[in-house]
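# What the coordinates show
The lines below spell out each chain.
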Amino acid sequence: MAYRYETHLHTKEVSACGHTHAKDYIKFYMERGYDGIIFTDHFFNGNCGVPRELPWAERVDAFCRGYELAKEEGDRVGFPVFFGWEFNFEGDEYLTYGLDKAWLKENPQIMEDTREVYYGRVHEAGGLVVQAHPYRERGYLNAVRLNPYYVDAVEYINIGNEPYMDELVPEYAKVYGLPLTGGTDMHNIEWGQTPSGVETEQKLTCIEDFVKLILSGKGFSPIIVPGREDKQTRERKLTILKYERDGNFTLCKDGEELHR
């Protein structure tokens, strides 16, 4: 038996770009046969709607409100709801799983972290880091920034992307030995998107189960939405930069290094 989980969505309560109230996601995903959802609102360095002038602890409380409202509804109807967030650097964003509100309150220094330090800090606490939509092109981005060294997996299917933006991900992941996940990047259930996420061989009872599963690299696969495999290659508009262990970026084109 396979189990389906949404791994990437945003709420109206927390993300400035969110349009759907947190509790309304429960019925939506239950009706589509999902077995649970992970809430990943934009953190304070991303498109977050939490007021910046609040003290850190109050900001964290406000940030967790979407998840907590959804969990109340999920608990009421017997539907698993888990917690995560989406962390931003220079437009390259990282889905972070396995940690909680208490950890966020104790770690305000993450706002000053480099990619390497953030990854190490999350790992030390037992968390998981997945690069979201690595080849995304948008008007707010000036480059595609790849980070193969300080992530545990990469998001292959992202319904918020045009399909051609995802087509380079499998080869990139293969080169660096990174597992592939999927996610809807859901912002609004009224947009008519067919959800993605991950399909697992085992039922998840907690977010720690998800972390262990992805770190194992087996027993799961991204949910391929019908039609996403019919991809149309287009000329890329943004420079592709690959993050290196020394903190610099290498300029690449279609995965080939050009120069330092």
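Residues numbered from 1 in each chain as written. Predicted model: local features only at pLDDT ≥ 70, side-chain atom pairs only at ≥ 80, totals over all residues. Heavy atoms only, no water.

## Examining the packing of aromatic side chains
This model, assessed by the stated rule, comprises 26 aromatic pairs. Summarising the aromatic geometry, the rings of Tyr172 and Tyr176 are spaced 5.6 Å apart at their centres and angled 65° between planes, so their arrangement reads as edge-to-face. One end of the pair, Tyr172, and the other, Tyr176, are both in helix H7 (residues 169–176), four residues apart, so they sit about a helical turn from each other. Take Tyr176: its relative accessible area is 25%, and that puts it in the partly exposed class. Put simply, the rings of Phe43, Phe44, Trp56, Phe63, Tyr67, Phe83, Trp85, Phe87, Phe89, Tyr94, Trp103 and Tyr118 pair up and form one aromatic cluster. Over the ring of Phe44 we find Arg59, and its NZ or CZ is 4.1 Å from the ring centre. Of note, Arg145 hangs over the ring of Phe249, and the distance from its end group to the ring centre comes to 6.0 Å. (Phe/Tyr/Trp six-rings, centres within 6.5 Å; stacked < 30°, edge-to-face > 60°. Helix = DSSP H or I, 4+ residues; strand = E, 2+ residues; numbered from the N terminus. Buried < 20%, exposed > 50% of the residue type's maximum accessible area, 1.4 Å probe, protein only. Lys NZ or Arg CZ within 6 Å of the ring centre and 35° of its normal.)

## Digging into the sheet that holds strand S8 (residues 180–183)
Read from one edge to the other, the open sheet built from nine strands follows the order S8-S7-S5-S4-S3-S2-S1-S9-S10, with strand pairing classed as mixed. Because the sheet does not close on itself, it has two edges, and the strands there are S8 and strand S10 (220–222). Within this sheet the neighbouring strands show an average axis-to-axis angle of 30°, counted without direction. Sheet strands touched by helix H1 (residues 24–31): strand S1 (3–6), strand S2 (36–42) and strand S3 (81–88). Its angle to S2, the strand with the most contacts, is close to 140°. Strands S2 and S3 of the sheet are contacted by helix H3 (residues 65–77), whose axis makes an angle of about 160° with S3. (Pairing = 2+ DSSP bridges. Axes fitted to C-alpha atoms, helices over the stretch in contact; angles between N-to-C directions. Contact = heavy atoms within 4.5 Å.)

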